[in-house]
Every structure is written in structure tokens, then in C-alpha cells.
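Reading the structure
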Amino acid sequence: MSDSKLHFFAVTDDQTISQVLHAVDALDTKDAPSDWRVVVFEDPAHVLSAATDHAEVLLFDEALVGPNYLTIVKRARRRFPESDITVVGGPKSDEVRVNDKRGGVDYYLERPLDAERFRAAITHRLDIARVKAAGGIVGRSHQLEDILETVLQVAPTEVPILIEGESGTGKDVVAKAIHIASRRGGEPYVAINCASLAEGVLESELFGHEKGAFTGAVGQRQGVFERANKGTIFLDEVGEMS
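Residues numbered from 1 in each chain as written. Predicted model: local features only at pLDDT ≥ 70, side-chain atom pairs only at ≥ 80, totals over all residues. Heavy atoms only, no water.

**Let's talk about the sheet that holds strand β3 (residues 57-61)**
- Read across the open sheet, the 5 strands follow the order β2-β1-β3-β4-β5; overall the sheet is parallel. The open sheet has two edge strands, β2 (36-41) and β5 (107-110), and neither has a second partner. Each strand of the sheet is rotated relative to its neighbour by a mean of 15°, with strand direction disregarded.
- The pairing of β3 with strand β4 (residues 84-89) spans 5 bridges and is classified as parallel. For valine 57, the partnering residue across the bridge sits in β4 and is aspartate 84.
- Lying on the sheet, helix α6 (residues 115-135) is in contact with β1 (6-11), β2, β3, β4 and β5; it crosses β5 at an angle near 170°. (Pairing = 2+ DSSP bridges. Helix = DSSP H or I, 4+ residues; strand = E, 2+ residues; numbered from the N terminus. Axes fitted to C-alpha atoms, helices over the stretch in contact; angles between N-to-C directions. Contact = heavy atoms within 4.5 Å.)

**A closer look at the pairing of β1**
- The buried fraction of β1 amounts to 6 of the 6 residues, a majority that puts the element mostly inside the structure.
- In β1, alternate side chains face the same way, and those of Leu6, Phe8 and Ala10 on one face and His7, Phe9 and Val11 on the other are all buried.
- Taken together, the 6 bridges between β1 and β2 define a ladder with parallel strand orientation. Paired with leucine 6 across the bridge in β2 is tryptophan 36.
- Here 4 bridges tie β1 to β3, and the two strands are oriented parallel to one another. Pairing of valine 11 across the sheet is with phenylalanine 60, part of β3. (Buried < 20%, exposed > 50% of the residue type's maximum accessible area, 1.4 Å probe, protein only.)

**Examining the environment of valine 173**
- Position of valine 173 relative to the elements: it lies in helix α8 (residues 171-181).
- For valine 173, a relative accessible area of 34% puts it in the partly exposed group.
- On a C-alpha basis, the gap between valine 173 and lysine 132 in space is 9.9 Å, while along the polypeptide they are 41 residues apart.

**Remarks on α6**
- Along its 21 residues, α6 runs 30 Å from first to last C-alpha, staying within 8% of the 30 Å computed at 1.5 Å per residue.
- Inspection of α6 places Phe118, Ala121, Ile122, Arg125, Leu126, Ile128, Ala129, Val131 and Lys132 among the buried residues, and these make up the whole buried set.
- Looking one or two residues past α6, glycine 136 carries a phi angle of roughly 65°, positive in sign. (Expected span 1.5 Å × (residues − 1).)

**So, the pattern of salt bridges**
- Going through the model one piece at a time under the given rule, you end up with 12 salt bridges.
- Among the salt bridges present, the one from arginine 125 reaches aspartate 84, with a minimum N-O distance of 2.7 Å. Note that arginine 125 is positioned in helix α6 and aspartate 84 in strand β4, a separation of 41 residues in sequence. Of the two residues examined, arginine 125 and aspartate 84, each falls in the buried class.
- Where arginine 184 meets glutamate 158, a salt bridge forms, and the shortest distance between an N and an O atom there is 3.2 Å. With a gap of 26 residues between them, arginine 184 in the loop between α8 and β6 (189-193) and glutamate 158 in the loop between α7 (142-154) and α8 connect regions that are remote in the sequence. (Salt bridge = Lys/Arg side-chain N within 4 Å of Asp/Glu carboxyl O.)

See the structure below:
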């Protein structure tokens, strides 16, 4: 499994779950290749011994793995620390859910389960994992989960987005994640630090100029708006623009 696809490993023998997962894998065609390689196992040991160094999404079915699924989850977390892990199982108390979170479960999907509900839930987990992988985002926390949820909400829109935060908190990472998750994800992403621009060159940097447009303009220059045509522009430190 040395290809560049994202890996989704599931441990289940549930036919409803397997059918939905095989439908995800079947999206992989020559004209519309899928980002995902989906593999369904009936033994969790096969996940832990998989010949790959990355597995972006893991799913464990309590009905097959058993009530001690958290032991398997912890072992899987050590093997694939950045994986998004879902457990499918019966009703659980809030106390058990909290303990599962601490043990490494990112999302718990409760039975009874129908195909449409499962498809919607797992597609959302795949979207989160894809954005994290493509954007180089690492780590697990409630705060990061909330940010990624917001990214997926705003990415499909066509309106300007303001990202606020102290210097060094990763505003550029969030901007790139929004670009990846948007319909413009295959187009250019151009970032410019407005605070680093010398006074008087902002207009030229943004919109470009023709040769001879001003003293020192020895050639034509594309502005960031032209370079990012149909894509995304990230204006970092936009508050510093004068």
C-alpha cells in the first residue's frame, strides 16, 4: 500500500456498513478518481499489521470487535496516531462516551443504524480527515475539531472570510484548509503578508503592473489576484494595510 491514496480501514461484518464503504471505494474511476482506498477487515489484527505507515480513518464495529473495543482503539492509536477513529456500537452512557474520547475514540456512531445515516456520518469524517491530511494539520482536540467543522461549513460559500487570531496561532493553516475543502481546491492558492509590504507597493503587489508604469517598473508583473485566478487569496495581516 505505497500509493498516495488516503486509507480507510474498517473492522466489521455488518452488511449495511460494508455496502456503504464499498460504494465509497467504487467511486474510484479513471475519470473521477477517489482520494480513498477502502479496506474492510473482519479481524482487527489485520488493521494493526497493515503494510502502510498511514491510515487516515479507522472504523471499529463493537459487534465484531467486542465490548473491549477500547483496548483495540488504544493499540490502533499508537500504530496510527493521527487517525480519525470511529466506533459503531450500542447505546452508551455519557460517562462511557467521555472515557472513550480519552481512550482515543473521535466519533461514536450509535445503533440502530440505517444506510443513509451511516453514509452521511462517515462522509463527514472522511471530509475532516481529507482536509487534515492535505493541509498538513496534526493533532487531536475538541478545539481543533470545532475549527475543522467551521472550515467545512464555510468552504462551500463564495463570500470573503475573516480569520482572526493572535500571531502564530495558525491562521494561514486554516486559510489553506478552507481552500482545500472548497470548490476552488484544485486552483491556485496564493498567500501574501500585507505587513511585509513596503509603503507604496501594495497596489502593485495585489494587481500587478505593466512595464514602464512607474519609475523602476522594468517589466510586467502579475499581481496576486491574477496569479490566484479562480483560486483563493489569503491576505495575511490584512489589518496592517494602510
